[in-house]
Amino acid sequence: MNRDRTTAEAPAASSTEERDIRKPFREEGPADLRLVPLAVAAWVAAVCAVGAAGWWTVTGVVVCVLGAAVLLTPASARWFGGASGRIGVGEQRAADGAGREEGVAEGRVRRSASGGRLRATACAGVLLCAAAGATSAGLHAADLRRGPVPALAQEYARAQLEVTVTSDPRLTRPRVRGSESVPVSVVLNGEVTRVERSDGAVHRTRAPVLLIVPPGEGRDEWLRLLPSTRLKVAARLAPPSHPGDPFAAVLKVRGAGPPRIIGPPSVLQRTAGELRAGLRRATDGLGPDARALLPGLVVGDTSRIGPELRHAFEATDLTHLLAVSGSNLSVVLLLLVGRPGRAHQVERGGLAPRLGLSLRLTAVAGGALTLAFVVVCQPDPSVLRAAACGFVVLLAIGTGRRRSLIPALAAAVLVLVLYDPWLARSYGFLLSVLATGALLTVAPRWSEALRRRGVPGGPAEALAACLAAQAVCAPVVVVFAARVSLVAIPANLFAELAVAPATVLGFAALALAPVWAPAAEGAAWVAGWPAGWIARVARTGAALPGAELSWPGGWWGGLVLALLTALVVLAVRRLPYRGPVGVLVAVVLLLVVVRPVPLTRWATGWPPPGWVFAMCQVGQGDATVLAAGGDAAVVVDAGPDPVPVDRCLRELGVRRVPLLVLTHFHADHVAGLPGVLRGRSVGAIQTTGLEEPPAQAAFVRRTAAAARVPLIHAEAGERRRIGALEWTVLWPTGAAEGAEAATARGGSGVGSRGRPVGFGGASGGPNDASVTLLVRAAGGLTLLLLGDLEPPAQRGLLRAHPGLTPVDVLKVAHHGSAHQDPGLIRAVRPRLALVSSGRDNPYGHPSPRTLESLLAGGARVLRTDRDGAIAVVGAGEGLVAVPGGG
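Reading the values: rules and limits
- Residues numbered from 1 in each chain as written.
- Predicted model: local features only at pLDDT ≥ 70, side-chain atom pairs only at ≥ 80, totals over all residues.
- Heavy atoms only, no water.
- Helix = DSSP H or I, 4+ residues; strand = E, 2+ residues; numbered from the N terminus.
- Buried < 20%, exposed > 50% of the residue type's maximum accessible area, 1.4 Å probe, protein only.
- Contact = heavy atoms within 4.5 Å.
- Areas by Shrake-Rupley, 256 points an atom, 1.4 Å probe, with all protein chains shown as cover.
- Disulfide = S-S within 2.5 Å.
- Patch = residues over 30% accessible without salt bridge, like charges linked within 9 Å, V, L, I, M, F, W, Y side chains within 5 Å.
- Salt bridge = Lys/Arg side-chain N within 4 Å of Asp/Glu carboxyl O.
- Lys, Arg positive; Asp, Glu negative; His and termini not counted.
- Charge placed at Lys NZ, Arg CZ, Asp CG, Glu CD.
- Pairing = 2+ DSSP bridges.
- Axes fitted to C-alpha atoms, helices over the stretch in contact; angles between N-to-C directions.
- Parallel < 35°, antiparallel > 145°, perpendicular 65-115°, else oblique.
- Nonpolar A, V, L, I, M, F, W, Y, C, P; charged D, E, K, R; others polar.
- Expected span 1.5 Å × (residues − 1).
- Arc of directions from axis to C-beta.
- Core = buried A, V, L, I, M, F, W, Y, C linked by side-chain atoms within 4.5 Å.

1. Thoughts on the overall build of the chain
Step number 1: Summing up its helical and strand segments, the chain has 31 helices and 28 strands in all.
Step number 2: Split into buried and exposed, the 886 residues of the chain put 47% on the buried side.
Step number 3: Taking the intrachain contacts of the chain between residues at least 6 apart in sequence as the baseline, contacts between residues at least 24 apart amount to 71%.
Step number 4: About 41,800 Å² of surface is accessible on the chain, with carbon and sulfur atoms providing 62% of the total.

This is the structure:
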């Protein structure tokens, strides 16, 4: 468009600008969907071919090519056009009776034949794209089966390998397996270029692999590696755990020392690494959340984001902000081209006209920014996906013509799938495409509908974008997460207020860091405010009791949610009195999310009024709660995960924890400690004296110190009381005496295995050092909490306390395992026996033999894997156990 034409159209544009904004899609006509079937065909074919056997892929490609060849023949064109041509002749002959000319019918037949050729060609194009997608996927999959690496992986052999790093190193997520915490390892992708077998044979090859580095002193050096760095590693090879994994083998690196570098990274990767490191240095002085989040917002660097913050982003469906996405690029390019619909005009917005850039230079500058974005964020598949989707969004911003953007998105999908067919099976890729497509097609129409109902333009666009993206993405999230976030839309709306300033200022800090560190720190300090706002939005949303709704996972669960979403959209369009009904739905949703305790108790019966003791459902672990009056409770153990214990305490209305008892340091009892501390005042944490496993004991010390909560050791015989709640520590006995005696003899009080001597004479390790409590609650209710005591310690408990009398409630030891002392069960003769165990756990807990023994003694047995959380109410004849809590 030249300047004269733009000037001539300026008055008309100014007078119709509001109308143009209100009805952009109506003036452009229907969306152009011609490239969509081609992209979908290539995508589906790649999905099928990536995990299929080679001969199936070859067969599929041959069938598609032969089908396309048949469709391109004249006979197929005549067949496609024959039906419509005959219909046209019949209609025209009927019209001839009314006096119309025969030539019109012949013209219609010719047009029908031309249309038949087009339809046949379109179908042939779909088959050819499917063949191309399958061919690309087949070739990439063949790379995983070629060369010596897959064979060595099948043998679990050891070898010396030269590997080129192809991704940024990352840490595995901390998790609990049984009673142990799985160590956090360094993981990175690489490409093996040379293999030296144990027999001395040397092979040159190219095979993608996944490296796993165990924790150790060299972890920091591994985390600083850049893509294109060449390493020499000694490793044991193993096959991938899933057939569809995009690597030929898993390399489990031997030793925990620093990496052995035999080739430096490329200049481009060094430059990108220095820029990223400069951004991290510039953010060092920020608060914990802003310091962790800002590099993730700008360049996708999530190395500082801890499990709690990550879970908050997952619960609120804000994880797209932690990964490199097209929105990152769009925000920066928006500064260059200005607001939508004006980048093609001379009177356009943004920085380009103020810098004197012509339209062509603006396009070049946009391309340069895109290239810089890819380089700094590392050109891995997720970044290329983000750049492609961001480019499509940029077209929408620049031209305002959404009709032409669906073909652009389809073309981007087609090129990316052919370039990297592994993307076809990536949930991230699917979510990116769906979200971008929704923003281009659904969001404008919904925005227009909101404007017609009086919603201002800016809020209407933001709300429509969030609604559209959530509607198309939620069914996919359900497939792999088995949950629906009820706070995703408001969380995204509030977070969106700060995304643009945080991203722009973060990129400014990134650019300034190499040349002017103080200015970079200043930009990062300002960017820390919006970044901190986003983190607070995520944490606040995730802390709400009803933030997430459990939903059946897998593709069937996703299909059900998609159908339900479609029904809701149709109902909204046809529902009378939509305003009042919408307000009512919003109020109900707010109550479901906030879940006021009185209302929740009235609606669900949980927690029951007057509850005295509760056993939380935390999976394969322990977390129990003793009511101490009002919003206070004594918590015994924290379970394996912070999320379920936090949710349980919120449902019980617990805000103050005068004492948290950790019976022993196994991960399934202490790993959930941050969940107990989250948003509550905790007076002290009491632990056993045996600090094993050492790593978990250190974790408890670090977490307590960070929360400024004192640690104290439990001692046998000590008595405590809070209101009507009182308890006595029965076990472990003799720890202090044994340690003092050993010290008096000149020893350290620590056994040969690093264990304090004298723990009741038991030798079962941490389990037999469990703090055991005899509790008397309101109304005279008695409870015995055994931790994870094994039979030797259980017999020692009976010897130390021969007067142990029957109790009302028994917390069965060690998740109801088969290792129980029958004498202890007979001595305490519980009326209620409660077992905390995880669904489908691999240990067979609770043991049928243990359950039979408890039932034979007259106990009613409840278990969290079947009954959910369990609450105990009343005492004496009024003793009741209420199952079914969350």
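Moving on from the coordinates now.
2. Re the state of the cysteines
Step number 1: Enumeration over the complete set of coordinates arrives at one disulfide.
Step number 2: Between the sulfur atoms of C616 and its disulfide mate C648 the distance is 2.1 Å. Every disulfide takes its handedness from the sign of the S-S torsion; for C616 and C648 that torsion is -75°, giving left-handed. Placement of the pair is C616 in the loop between β12 (611-615) and β13 (624-627) and C648 in helix α23 (residues 642-652), with a sequence separation of 32 residues.
Step number 3: Using a relative accessible area of 0% as the deciding quantity, one classes C616 as buried.

3. Remarks on a positive patch on the surface
Step number 1: Taken together, the side chains of R158, R236, K252 and R254 present a region of like positive charge at the surface.
Step number 2: Counting through the fold element by element, R254 comes out in the loop between β8 (249-253) and β9 (261-263).
Step number 3: Accessibility expressed as a relative area gives 41% for R254, which makes it partly exposed.

4. With respect to the sheet that holds strand β26 (residues 860-863)
Step number 1: What the seven strands build is an open sheet, ordered β20-β21-β22-β23-β24-β25-β26; its pairing is mixed. Each of the sheet's edge strands pairs with one partner strand only, and the pair in question is β20 (719-722) and β26. In this sheet, neighbouring strand axes are inclined to one another by 20° on average, regardless of whether the strands run parallel or antiparallel.
Step number 2: By the bridge criterion, four bridges tie β20 to strand β21 (residues 725-731) in an arrangement that is antiparallel. Counterpart to R720 in the pairing with β21 is W727.
Step number 3: Sheet strands touched by helix α30 (residues 848-856): β24 (809-811), β25 (832-835) and β26. Its angle to β26, the strand with the most contacts, is close to 145°.

5. Comments concerning the packing of helix α15 (residues 405-419) against helix α16 (residues 427-452)
Step number 1: Two elements in contact, α15 and α16, have axes whose closest approach is 10 Å; the angle formed by their N-to-C orientations is 170°. Relative to α16, the element α15 lies roughly antiparallel. When α15 is examined against α16, the residues L405, I406, L409, V413, L416 and V417 are found in contact with a partner set consisting of F429, V433, T436, G437, L440 and T441.
Step number 2: For the contact of α15 with α16, the class distribution of residues is nine nonpolar, three polar and no charged.

6. Here's the deal with unusual backbone geometry
Step number 1: Each neighbour pair has its own omega, and for W606 with P607 the value is -5°, a cis peptide bond.
Step number 2: With respect to the element layout, P607 can be found in the loop between α22 (597-604) and β12.
Step number 3: We note that D317 has phi near 55°; this positive angle belongs to a residue other than glycine.
Step number 4: Inspection of the secondary structure assignment puts D317 in the loop between α11 (307-315) and α12 (326-337).
Step number 5: A positive phi angle, near 55°, is found at A482, a position not held by glycine.
Step number 6: Relative to the elements of secondary structure, A482 occurs in the loop between α17 (457-481) and β10 (483-485).

7. Considerations on helix α20 (residues 554-574)
Step number 1: Look at α20: 31 Å from first C-alpha to last across 21 residues, which is about the 30 Å you get at 1.5 Å a residue.
Step number 2: For α20, the set of buried residues is G557, G558 and L561. Buried residues in α20, looked at end-on, bunch into an arc of 95°, giving them a common side. Turned more than 90 degrees from where α20 packs its buried face, W555, W556, L563, L567, R573 and R574 sit exposed.
Step number 3: Looking at the packing, one finds that the buried side of α20 touches α17 and β10.

8. Details of the nonpolar core
Step number 1: Within the largest apolar cluster, 62 residues are counted, with the highest numbers of intra-cluster contacts made by V149, L161, L211, W222, L237 and L251.
Step number 2: If near-sequence neighbours (up to four positions away) are discounted, L211 is found in contact with V163, V186, V187, L188, G190, W222, V233, L251 and V253.
Step number 3: Among the nonpolar cores identified, the runner-up in size contains 45 residues, and V299, V374, A491 and A509 belong to it.

9. Topic: the environment of V618
Step number 1: Its location among the elements puts V618 in the loop between β12 and β13.
Step number 2: Not counting residues up to four positions away in its chain, the partners in contact with V618 are A623, G639, P640, P644 and V645.

10. So, the pattern of salt bridges
Step number 1: Following the criterion strictly, the structure yields 29 salt bridges and no others.
Step number 2: Salt-bridge contacts for D631 lead to R656; the nearest nitrogen and oxygen are separated by 2.9 Å. Of this pair, D631 sits in the loop between β13 and β14 (633-636) while R656 sits in strand β15 (residues 656-657); the two residues are 25 residues apart in sequence, bridging distant segments of the chain.
Step number 3: For D865, the salt bridge goes to R863, with nearest N and O atoms at 2.8 Å.
Step number 4: With a relative accessible area of 10%, D865 lands in the buried category.
Step number 5: A relative accessible area of 14% places R863 in the buried class.

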